[in-house]
Every structure is written in structure tokens, then in C-alpha cells.
Amino acid sequence: MRFSVVSSLFICLQKWKQLSRLQRSLILFLLALLLIFGLLSYPSITEQWGGLSDKEDWLELNDREVNAVPPGVKPVLGPAAGKAPVPVAGPHVGPAVGPDAVEEPRGPNVPILPKPPTKKKTFPNKRGPPSLQKDGNVSDTVGGEKQQQEVAQDEGGEDEAKEKKIVSWRGAMIEADQATEPPPSANEKEAAVPPANPGDSVPLEVSAGKVDRLEAVRDAFRHAWKGYKDHAWGHDELKPISKSFGEWFGLGLTLIDSLDTMWIMGLKEEFEEAKNWVEKELSFNKNVDVNLFETTIRVLGGLLSSYHLTGDQLFLEKAKDLGSRLMPAFKTPSKIPFSDVNIGKGTAHPPRWTSDSTLAEVTSIQLEFRELSRLTQDPQYQDVVNEVMKLVHKLPGKQDGLVPMFINTNSGQFTHKGVFTLGARADSYYEYLLKQWLQGGKTEDDLLEDYLQAVEGVKKHLVRQTGPSRLTFVGELSHNRFNPKMDHLVCFLPGTLALGAHNNLPGDHMDLAVQLMETCHQMYTQMETGLSPEIAHFSLQASDGRDVVVK
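The rules behind these values
Residues numbered from 1 in each chain as written. Predicted model: local features only at pLDDT ≥ 70, side-chain atom pairs only at ≥ 80, totals over all residues. Heavy atoms only, no water. Phe/Tyr/Trp six-rings, centres within 6.5 Å; stacked < 30°, edge-to-face > 60°. Helix = DSSP H or I, 4+ residues; strand = E, 2+ residues; numbered from the N terminus. Buried < 20%, exposed > 50% of the residue type's maximum accessible area, 1.4 Å probe, protein only. Contact = heavy atoms within 4.5 Å. Salt bridge = Lys/Arg side-chain N within 4 Å of Asp/Glu carboxyl O. Disulfide = S-S within 2.5 Å. Axes fitted to C-alpha atoms, helices over the stretch in contact; angles between N-to-C directions. Parallel < 35°, antiparallel > 145°, perpendicular 65-115°, else oblique. Left-handed = near helix turned anticlockwise from the far one by under 90°. Nonpolar A, V, L, I, M, F, W, Y, C, P; charged D, E, K, R; others polar. Pairing = 2+ DSSP bridges. Core = buried A, V, L, I, M, F, W, Y, C linked by side-chain atoms within 4.5 Å.

Caption draft 1: How the structure looks around the packing of aromatic side chains. Scanning all chains against the criterion turns up twelve aromatic pairs. When the ring of Phe473 is compared with that of Phe538, the centres are 4.4 Å apart and the planes differ by 15 degrees; the resulting orientation is stacked. Residue Phe473 is located in strand S15 (residues 472–474), and its partner Phe538 is located in strand S19 (residues 535–538); the two are separated by 65 residues in the primary sequence. Residues Phe473 and Phe538 agree in their burial class; the two are buried. Members of the aromatic cluster, each reached through a chain of ring pairs, are Phe221, Trp225, Tyr228 and Trp233.

Caption draft 2: Region of the structure containing the environment of Leu372. Mapping Leu372 onto the fold places it in helix H14 (residues 366–376). When the C-alpha positions of Leu372 and Leu316 are compared, they lie 8.5 Å apart, and in sequence the two are 56 residues distant.

Caption draft 3: Geometry of helix H18 (residues 493–501). Taken across its nine residues, H18 has seven buried, putting it largely inside the fold. Of all the residues in H18, the buried ones are Leu493, Pro494, Thr496, Leu497, Ala498, Gly500 and Ala501. Looking at the buried side of H18, the elements it contacts are helix H16 (427–439), helix H17 (445–461), S15 and helix H19 (508–525).

Caption draft 4: Representation of the pattern of salt bridges within the structure. Following the criterion strictly, the structure yields 18 salt bridges and no others. Arg298 is the salt-bridge partner of Glu294, the closest N and O atoms lying 2.8 Å from each other. One end of the pair is Glu294 and the other is Arg298, both in helix H11 (residues 292–310) and four residues apart, which spans about a single turn. In this structure, Glu431 and Lys435 form a salt bridge, with 2.6 Å as the shortest nitrogen-oxygen distance. With Glu431 and Lys435 both in helix H16 and four residues apart, this pair spans about one turn of that helix.

Caption draft 5: Looking closely at the state of the cysteines. Within the structure shown, the criterion is met by one disulfide. Here Cys491 engages in a disulfide with Cys520; their sulfurs sit 2.1 Å apart. Where Cys491 bonds to Cys520 through sulfur, the torsion about that S-S bond is close to -105 degrees, and the disulfide is left-handed. With a gap of 29 residues between them, Cys491 in the loop between strand S18 (485–487) and H18 and Cys520 in helix H19 connect regions that are remote in the sequence. Both residues of the pair, Cys491 and Cys520, count as buried.

Caption draft 6: Region of interest: the packing of H18 against H19. Running from N to C, H18 and H19 point in directions that differ by 155 degrees, and their axes come no closer than 8 Å. It follows from the interaxial angle that H18 and H19 lie roughly antiparallel. Along this stretch, H18 crosses H19, giving a crossing that reads as left-handed. Where H18 abuts H19, its residues Leu493, Pro494, Leu497, Ala498 and Ala501 lie against His509, Met510, Leu512, Ala513, Leu516 and Met517. In terms of residue class, the contact of H18 with H19 is built from ten nonpolar, one polar and no charged.

Caption draft 7: Broad picture of unusual backbone geometry. Notably, Arg425 is not glycine yet its phi reads approximately 80 degrees, a positive angle. Structurally, Arg425 is set in the loop between strand S13 (419–420) and H16. Here Arg425 falls in the partly exposed class, since its relative accessible area comes to 41%. Positioned with a positive phi, Asn504 is a non-glycine residue whose angle comes to about 70 degrees. Relative to the elements of secondary structure, Asn504 occurs in the loop between H18 and H19. Residue class for Asn504 comes out exposed when judged on its relative accessible area of 56%.

Caption draft 8: The arrangement of the sheet that holds strand S17 (residues 481–483) in detail. Taken in spatial order, the three strands make up an open sheet running S13-S16-S17, and their pairing is antiparallel. Each edge of the sheet is formed by a strand with only one pairing partner; in this case those strands are S13 and S17. Pairing geometry for strand S16 (residues 476–478) and S17, over three bridges, is antiparallel. Across the sheet, the residue bridging to Glu476 is Asn483, located in S17.

Caption draft 9: Just the sheet that holds strand S9 (residues 347–349), in detail. On the basis of which strands lie adjacent, the open sheet formed by three strands has the order S7-S8-S9 and antiparallel pairing. Looking at which strands have only one partner, the edges of the open sheet turn out to be strand S7 (289–291) and S9. Each neighbouring strand pair of the sheet contributes to a mean axis angle of 30 degrees, computed without reference to strand direction. When strand S8 (residues 340–342) meets S9, the two strands line up antiparallel, connected through three bridges. In the sheet register, Asp340 faces S9, and the bridge partner there is His349.

Caption draft 10: How the structure looks around the nonpolar core. Formed by 53 residues in total, the largest nonpolar core has its most connected members in Ile407, Leu422, Tyr429, Tyr430, Val474, Met486 and Leu497. When residues of this core are assigned to their parent elements, the largest contribution, seven residues, is made by H19. Residues within four places of Val474 in sequence aside, it is in contact with Leu422, Val458, Leu462, Val463, Lys485, Met486, Val490, Leu493 and Leu516. Formed by 45 residues, the second largest nonpolar core is a distinct cluster that contains Ala274, Val278, Ala329 and Ile343.

This is how it looks when you write it as C-alpha cells:
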């Protein structure tokens, strides 16, 4: 037997030597492929032979633990399944409590409003690292589990939903009785106690139990503020990846823009540190070009807000100093301000590439300048910004209240006419129309007229719905051609419309606000990362798979 095996091997070796080099290479290649396939298929074969894999065992064990009913708790069957188990009275358990006696923590008492019709669909979420592969993009933060429960309840209890009262806004009036939140029980109060040391609770880990939402927001701010303090203190912005800083104007933009936020959050220690920097380090006597709009809304606005909240004259004096240094921007032939001003030299100029200013920039500085005049009793600040609004009010080139994106500082006329958007370069013009009207005690009729006409223009020319889920969005118009594109910036509009509705403006403004806010929410939830794109494109055809498209 051994001789026959040896002779067979000898014959095979002779045959092998007779083969050409190409033939031998092909045979070796095929053998290597067979070996690779065999190795790859080995785990799946062993799984079939050995039953469940370790991962499946773990998942099955988890399911059993999750579904297990603890001792002393009565299992819930039928329609109530999925709600919290009901404790049963016993020697170590309190009195039996009905399911209605325990409530989940709720947010503020918000009226129920009609939702836009949406298809109940899930969106694939399998790209990116494993930590981002969540089911249906349900939020990992507070309320994620509640969202899943609400979806299940929506699918199973449509009849019950029909019985709910639908609240319609007509100005600030609500046409249905608002239910009053019951006071929290003793158990709920105990569960809402914040951590003993909130500063140590970053990064956030949200449990399935009740969470102090205010403290979670404070912790998120503390986390961001710590990065700024450690790596960019006194500079304009933090670069978190490189742990360095960037300078825009060298005015401590992040610090000043955060002052009012810290005060409102009750972070007094952080506020005092920042205030000390403002007092000792912040100086506007420097040879630097700053953008009029950005400096006004961030630095001037931040200082004025801090003065209002604290009453500290330090902030008002700094605001007055800055305001006077921004005034040279208004020295133009048309009284439309230049975009840039040197706060040390007292000179101003347009961008290097054009003599135009952005419409949103020149019409979104009025709140701050008008307030500075009111506080200092110096009318010069209010006069220059009011003149801008008067000019824009009577300019030709609008379309049903919609305005172009650029205005020339020499002629005072709109340029690049025929292009209308509520995104970048035009957005805050519409926001400040309403807010100036409110700031002035609702007496400036031109501002209200322009605002109401603009909202009607938006509804007429820019509002559309997506094909798949009928989401309402605001697109753009370019020479009468509609573009289903919306900047994330447009998500200011729901809040602005709601603010108007609260001040007795037409009730359908609130209806539109609710629909647009749902779309802004979907711009996040339909993304694999849970983050909205800066620019969203929308599908108009029902056959398209997704509402939101990123290019």
C-alpha cells in the first residue's frame, strides 16, 4: 500500500514537471482561491453546526432580561402592553397604583396642533461607524424611547387620536381649552433631583429614567465652554479638533456672544470669569477691519443683552464705545452702509470685489442700534438704521414683498434682481421686520406692511410640498424658475411666524410655522448622522425614496 502511494506521488511529480510554467501558475492560483473560500466559509459553517453564535446568545439573553417581569409586578397584556408595568400591592410594595397615576415627564404645556400628513416610513441608516447605526435615526438623547413609543401608539390608536381636540391659532387666541399639567408627584420630584456634581457629568449619558432636562442643557454648555476656555480663551472661536483658536476680528466673539446665555442658565461663576475678561482685556481701540453686521449682532448685541440682564454699566459703556466706532460705515452716497469698517481708524469700505452690500446685513442691525439710542438717549444710532429701512421700503424690484439679495451702496438700488430666497443673504431681513415692529410698540406701519406682504409672497411663490411625505418647505425663485432648495438658515422662519401669531397676526401664520418646523425636524432625522445639512434639496416626485436630498 505504501509502495503504491509513493509510486503515485512520483508519477504526479513527473506530470507536474511536464507542465508549462503558465499551466502550473494557473493550478496554484486555483488552489489558493479554494483555500481562501474555505477559510471564509468556515465561521458560517461552524455557526450552523454549533447552533447560535455568541452574539445571538447575548441578544437572546438580553431580550429575556428586558421582557422579564420583576417580582411583585403584574404583567400587562392586551392594548396596554408596552406601557410601564403596574406594581401589585404586597408586603414590600406600596399600595396598588393605576396606570393613569404615573406619568412620563413632559415639556411645557404646548397646544396640540395639526400635523402635516406624513408617511410612516423608516429611513435606511446603515452607513457610518457602528456607533451611528441607530434604528430609524431615533434620537439618543432625552425622549428617544418616547419617540418610539409615540410612533407605535400613532400606528395603533388612530381612532383615539381623532377624538383629541385640534387647536387652531388665530392670533394669540386658542380655540380649545388648554389642559393644565398636573403638579408632579413626590416620586417624580425625587427622580428629578440633579446630579450632585453636574460639572462632572460630561459627556452626557442619558438613562431610560427621568432626566433633569435643564441640567442636561447646562452640562452641554459647560462641555463646550470648557473647550473654549482651555484652548481659545479671549479669542473669537475654538477649533475643537486641533485644540487651537481662530481669529475673525480679534474681539472675543464667542465669549461676548455667550454672556447672556450663561446668565440665563444661572452659570454665575462662568459669567463672572467672562465679565472680568470684558472689563480688563476687551478693547475696541485697534486697527482692524470688522464686518458691520457680524460685529453688531454678536458683540454689540451681546453687550446690550448683558446690560439688560445684569444692570451693570460696564456692558453699556462698552456697547456705546463700539456703536460709535461702527458709525463710519453709514457714510455712503446712498446711506446704505458699507459692509466693513475699521474700528480703530474710523474708515469704512465695501468688499474688495464689489460695491454691493448684502441686503440681510444692512437690514439686520436695526434692533441693536435702535436699542442703543434708547438706552443712551442719543438718536444718531437709530436715525441711520431707520433711514435704511425707509429706503428699502420704497425700492422697486420686489416681488410680492420678496426682496433681492444685494443692494448697491452708491446707488441705493437692488442689484441681481429676480433672485429670491429666505436663506443666506436675505433671511434676517424678514425676521427683523417683525421684531422692529414689536420693538417700536407696534406703531410703525411700514414695517408691519412689509412683513405681512412678504409672508404672502412666500406662500405664493416659495412654499411647496415634497412628493414622498408631503413635507412643507420654502424653496427659491430665480427669474420665475422654482428651485426646491432650502438653506438650514430658513429654519428661523417657524419661530418668526409663531412670534407674529402670538401678537395677533393672522392665524394661518402659525399653521405654516408648525408645518415648516416639522420639515426642519425631518432635515435632521432623515440623515444618517442625525445632523441636518447646511443646504437641503427636496424631492418633488412621490416615487422618490427620500424627502431630503444632500448634494
